[in-house]
Amino acid sequence: MNRAITYRNGLVAFLAVSVVFVPVYLQGQATAARRSPVAPRAAEVKAAVDEAYEKFKSDTGGKNADYIPVLAKVDPKLFGIAVVTADNQSYLKGDVTHSFSIQSISKVFTLALAMNELGADTVFDKIGSEATGRPFNSVNAVVDMPTHTGNPLVNAGAIAAASLISGSSEDEKWNRILGFYSKAAGENLKLLDDVYKSEAATNQGNRALAALLVKYDRIYGDPVQSVDLYTKQCSVGVNAKELATMGAMLANDGLSPVTGQRVIKSENIPYILAAMSTAGLYDSSGGWAWHVGLPAKSGVGGGIIAIVPGKGAIAVFAPPLDEAGNSVKAQKVITYVAQKLNYNLFSPHSVGVGLSGPTGGGE
Ligand code: DON
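Fair warning: this is a prediction, and the values are worked out from it, not measured in the lab.

## Looking at unusual backbone geometry
Its identity is not glycine, yet Gln103 carries a phi of approximately 50°, on the positive side. With respect to the helices and strands, Gln103 occurs in the loop between β3 (100-101) and α3 (106-118). Relative accessible area serves as the criterion here: at 1%, Gln103 is assigned to the buried category.

Now the structure itself:
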């Protein structure tokens, strides 16, 4: 492998991206414009997204979440794909402006906020980082696991993460969380009140988890208030483009590609992506790592984001879910696009090794 040639080809691809992509998409801004030299060309991204959209748009697998009554009423045919790159170029297809509830994808950003405030080591000590191998709302995992909270992306750990957020009142904590998510999205995000009310009326399971965490001394604020904060964070409205922008910020080492502002401390990014890799899709995270090889997070609202460090993020919205609570179409689309664009982080192809052609340079 000739690294100099690989680098040179990568650079040529990068320059081609800069020349071709910006005029077409008119999204690029000079702020924080950093991107991997082996990132795929704009035309390749567009082709992969278009193909995935056509291939999976008629897929009727899965079923809307119905344990939160209002989610059962969402149109199951809604389908949107958004890619936002680390240098703020975007490619959008389908229902990308429809607002849906962020749900468990919020767990990533409350984790990031807690790490910004307390440091990764404290969060690790207080919550843990092990996948549970059990469903996302498992009570048994809380009882059996030595950490009880499991990790910050299952419900017990996510409620504990919400309890770590600073503020002298619930309102202050909530405004801090919503402000942080908005900074990550580069837009003012809002609570979807109908989702919040519907979920708050049916979240007895999460309240039980919080009460159990009190017993083990693994919740760090009032349990009722912590569940309410968690329920609100799950009810934040996002669209596919906003979600992809939040993901692109993670891909861009914590700097928003849209505003150029720092959102997450650089030192925390690897921990957050590691948590997403091991538990982002709950009890199907192992299969996801095996087949896709990208840190990702799903939500029962039908969204999934996957992060391609240094390159960008893909967000897909399609409400019907599988048994583990992950959008069926979103998983298929991300699997397809990641394969086409050599995004799998466990493959040397992702850094241009073993490839010839524009995506990764060659020999
Ligand atoms: O705690 C809950 O039940 C929801 N608010 C969030 C769950 C969720 O999104 C799990 N996802 N895949």
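## Quick notes on the site of the ligand
The full set close to the ligand counts 14 residues, and Tyr67, Gln103, Ser104, Glu199 and Tyr230 are the nearest of them. Contact distances for the ligand include 2.6 Å between an oxygen atom and a side-chain N or O atom of Ser104. Gly325 places a main-chain nitrogen or oxygen 2.9 Å from a nitrogen atom of the ligand. In isolation the ligand offers 340 Å² of accessible surface; the protein chains occlude 98% of this area. A class-by-class count of the residues in the shell around the ligand yields six nonpolar, seven polar and one charged.

## As for the sheet that holds strand β7 (residues 303-308)
If you walk across this open sheet you meet the five strands as β2-β1-β8-β7-β6, and the pairing is antiparallel. Here the strands that pair on one side only, and so sit at the sheet edges, are β2 (90-94) and β6 (296-298). If you compare each strand with its neighbour and ignore which way they point, the axes differ by 10° on average.

## Re the packing of helix α8 (residues 193-200) against helix α10 (residues 223-234)
It is at 9 Å that the axes of α8 and α10 come closest, and there the two elements cross at 140°. On the basis of their axis angle, the class for α8 and α10 is oblique. Judged by the twist between their axes, the crossing of α8 over α10 is right-handed. In contact with Tyr196, Glu199 and Ala200 of α8, α10 contributes Asp228, Thr231, Lys232 and Cys234. Considered class by class, the residues forming the contact of α8 with α10 number three nonpolar, one polar and three charged.

## Examining the nonpolar core
Among the nonpolar cores identified, the biggest contains 66 residues, and Phe109, Leu243, Met246, Leu250, Ile264, Ile272 and Met276 are the most heavily contacted of them. Ignoring anything within four residues of it in the chain, the contact list for Ile264 reads Ala112, Asn116, Phe180, Met249, Leu250, Asp253, Gly254, Ile269 and Ile272. Within the second largest apolar cluster, 29 residues are counted, among which are Tyr53, Val308, Ala338 and Tyr343.

## Describing the packing of aromatic side chains
The final tally for this structure, using the stated rule, is six aromatic pairs. For the pair Tyr53 and Phe79, a centre-to-centre distance of 4.9 Å together with 5° between the ring planes defines the contact as stacked. Taken together, the residues Tyr53 in helix α2 (residues 42-56) and Phe79 in the loop between α2 and β1 (80-85) connect sequence positions 26 residues apart. Each member of the pair Tyr53 and Phe79 is classed as buried. Ring centres of Tyr67 and Phe136 lie 6.4 Å apart, and the angle between their planes is 45°; this geometry places the pair in the tilted category. Separated by 69 residues along the polypeptide, Tyr67 in the loop between α2 and β1 and Phe136 in the loop between α4 (120-127) and α5 (139-144) bring together distant segments of the chain. With relative accessibility at 15%, the residue Phe136 sits in the buried group. Members of the aromatic cluster, joined through ring pairs, are Tyr67, Phe136 and Tyr282. Positioned above the aromatic ring of Phe79 is the side chain of Lys329, whose terminal nitrogen or guanidinium carbon lies 5.1 Å from the ring centre.

## Some words on the packing of helix α6 (residues 155-164) against α10
Contact geometry for α6 and α10: axes closest at 8 Å, N-to-C directions at 105°. Comparing their axes, α10 and α6 come out roughly perpendicular. Of α10, the residues touching α6 (which contributes Asn155, Ala158, Ile159, Ala162 and Ser163) are Ser226, Val227, Leu229, Tyr230 and Gln233. Tallied by class, residues from the contact of α6 with α10 come to six nonpolar, four polar and no charged.

## Here's the deal with the pattern of salt bridges
All told, the structure shown has eleven salt bridges when counted by the stated rule. For the salt bridge of Lys340 with Glu51, the shortest nitrogen-to-oxygen distance reads 3.2 Å. In this pair, Lys340 is assigned in helix α14 (residues 328-340) and Glu51 in helix α2, connecting sequence segments 289 residues apart. The exposure class assigned to Glu51 is partly exposed, which follows from its relative accessible area of 30%. With a closest N to O distance of 3.4 Å, Lys232 and Asp228 form a salt bridge. With a gap of four residues between them, Lys232 and Asp228 both fall in helix α10, about one helical turn apart. Per residue, the accessibility class of Lys232 equals that of Asp228, and both read buried. Among the charged side chains, a salt-bridge network with shared partners connects Lys46, Asp50 and Lys93.

Rules used throughout
Residues numbered from 1 in each chain as written. Predicted model: local features only at pLDDT ≥ 70, side-chain atom pairs only at ≥ 80, totals over all residues. Heavy atoms only, no water. Helix = DSSP H or I, 4+ residues; strand = E, 2+ residues; numbered from the N terminus. Buried < 20%, exposed > 50% of the residue type's maximum accessible area, 1.4 Å probe, protein only. Near = heavy atom within 4 Å. Polar contact = N/O pair within 3.5 Å; in protein donor to acceptor, adjacent residues only side chain to side chain. Areas by Shrake-Rupley, 256 points an atom, 1.4 Å probe, with all protein chains shown as cover. Nonpolar A, V, L, I, M, F, W, Y, C, P; charged D, E, K, R; others polar. Pairing = 2+ DSSP bridges. Axes fitted to C-alpha atoms, helices over the stretch in contact; angles between N-to-C directions. Parallel < 35°, antiparallel > 145°, perpendicular 65-115°, else oblique. Left-handed = near helix turned anticlockwise from the far one by under 90°. Contact = heavy atoms within 4.5 Å. Core = buried A, V, L, I, M, F, W, Y, C linked by side-chain atoms within 4.5 Å. Phe/Tyr/Trp six-rings, centres within 6.5 Å; stacked < 30°, edge-to-face > 60°. Lys NZ or Arg CZ within 6 Å of the ring centre and 35° of its normal. Salt bridge = Lys/Arg side-chain N within 4 Å of Asp/Glu carboxyl O.

On their own, these measurements won't tell you what the molecule is for.
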